[in-house]
Amino acid sequence: MAKNDIYVIQGEDYKQMAERVLEAASLADSIGDRKKHIGIKPNILAAKTASSGAVTHPELVDGVLSYLKEKGFCNLVVLEGSWVGDLTSQAVRASGIYDICKKHQVPFIDLQQDSYQTLDAAGMSISVCEEALNLDYLVNIPVLKGHCQTTVTCALKNSKGLIPNSEKRRFHTLGLHKPIAHLNTVVHQDFILLDNICGDLDFEEGGNPVVMNRVLGFWDPVLCDSYAAESMGYHPQDIGYIRLAAQLGVGSMDVANARIIPLNKGALDTKVDTARTPRVSKLAAYAAPKDACSACYGSLIYALDRLSEEGCLRGKKMRSIAIGQGYRGQAGDTGIGQCTRCFEKSLGGCPPKAVEIVEFLRDSWV
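As the structure is a prediction and not an experimental result, all values here were calculated from the model. Starting from 1, residues in each chain are numbered consecutively following that chain's sequence as written. Totals for whole chains, interfaces and linings use every residue, but because this is a predicted model, local features are given only for residues with pLDDT of at least 70 and side-chain atom pairs only at 80 or more, for both listing and counting. Side-chain measures here rest on the full set of heavy atoms in the structure, leaving out hydrogens and waters.

Numbering of helices and strands runs from the N terminus; a helix is a DSSP stretch of H or I covering at least four residues, while a strand is a stretch of E covering at least two. On the secondary structure map, G72 appears in the loop between helix 3 (58–70) and strand 3 (76–80). Distance in space between the C-alpha atoms of G72 and R34 is 6.2 Å, their sequence separation being 38 residues.

The next thing to look at is the pairing of strand 3. Buried residues are those whose accessible area, probed at 1.4 Å on protein chains only, stays under 20% of the maximum for their type, while exposed residues exceed 50% and partly exposed ones sit between those limits. By the criterion of burial, strand 3 is predominantly enclosed, with five of the five residues buried. On strand 3, burial covers both faces: L76, V78 and E80 on one face and V77 and L79 on the other are all buried. For two strands to be treated as a pair, DSSP must find at least two bridges joining them. Of the pairings in the sheet, the one linking strand 2 (residues 38–42) to strand 3 comprises three bridges and is parallel in character. Bridge assignment links I38 to a residue of strand 3, and that residue is L76.

With that settled, consider unusual backbone geometry. Along the chain, C350 connects to P351 via a cis peptide bond; the corresponding omega equals -5°. Mapped onto the elements of the fold, P351 is located in the loop between strand 16 (345–347) and helix 14 (354–364). With a phi angle near 70°, L176 is a residue other than glycine that sits in the positive phi range. Position of L176 relative to the elements: it lies in the loop between helix 8 (165–173) and helix 9 (177–183). Using a relative accessible area of 0% as the deciding quantity, one classes L176 as buried. Even without glycine at this site, R319 takes up a positive phi of about 55°. Within the secondary structure layout, R319 lies in the loop between helix 13 (294–309) and strand 14 (321–323).

What follows deals with the layout of surface pockets. Both site types are read off a 1 Å grid over the protein atoms alone. A 1.4 Å probe that fits but cannot get out defines a cavity, while an open set with protein on both sides within 12 Å along at least five of seven lines defines a pocket; lining residues have an atom within 4 Å of a point. Grid points are joined across faces, edges and corners, and a volume is the space filled by probe spheres set on the points. Taken as a whole, the largest pocket encloses approximately 530 Å³ of empty space. Taken together, 30 residues form the lining of the largest pocket, with Q10, K265, G349, C350 and P351 sitting closest to its centre. Elements with a minimum of two residues in the lining of the largest pocket: strand 1 (5–10), strand 12 (259–262) and helix 13. Among the elements that line the lining of the largest pocket, the one with the most residues is strand 1, at three residues. Looking at side-chain class alone, the lining of the largest pocket contains 17 nonpolar, eight polar and five charged residues. Only Asp, Glu, Lys and Arg are considered charged, only Ala, Val, Leu, Ile, Met, Phe, Trp, Tyr, Cys and Pro nonpolar, and every remaining residue, Gly among them, polar.

Put into structure tokens, the structure is as follows:
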């Protein structure tokens, strides 16, 4: 185990994927004492289902609880406080996570009903729910997705569910970036299981999910969010709360020197061309997939969304970007991923990050 380790698995059996990540990370050894009070923090901001791209998949919570119980841990809770305007009690039921808690006979703690303490968070006073402060170990399960104010939301921002509604309102008056960074100096995330299955393009409440079918594990929340930013086509230093959290010593933004630990070679996903929203379909029209894996294809969609925001897609030829295993050994013009390495212009990687795709397409295609 090293702080800069990143565990990556791809597929469609989300519960099993969660368990494999935790096993590979030797999470039980990290926790140690089986009597420790362990909290599992999903992202359940509103009464949505995971397929919307807004909330944590219940299968991941199922996988975490199954793993921990099998390893002999019994002092477990799942805890969350939805965003202001939604009731956590309704949101957790809509998400399916309440049923998972019942299945495992693990309490769900509604933090909207909890008391709180005010702490000094690196020079900034922040109120945090007492149930969160009473934990010995925190497993965070955020969703990699866009956000209408912070651009990206992931592990660091998911800590916002651990504060009372009054503090959430204050965070918004302060512009979110600074208080989120400071909050993470007093809320310690011990392990992050990242839901990168189908997060939304740019809105925290979902509506335009991008299928990636990927689950990742991190020890460092700043590294997690930096990786997430690059996966969506952004440079982490351009995201205020990530940069500030790194400056406060919460973690590292050094994705380039992280150790990627792949747990499989990716799963061929024949569903990448189905059930898309109109907006995602419009972006997908520029791609010509042949047996493309979800993570590679999803990275291209995020990259095309960045280029669309810049106005770079106007006049570009539809179905002109090759991607997928069906192009192995073939020649062509512009291709994404190592399967198109025989093309005249090709970006390697399995999968390449969206931020790399953006830069490649700006130079070779736009």
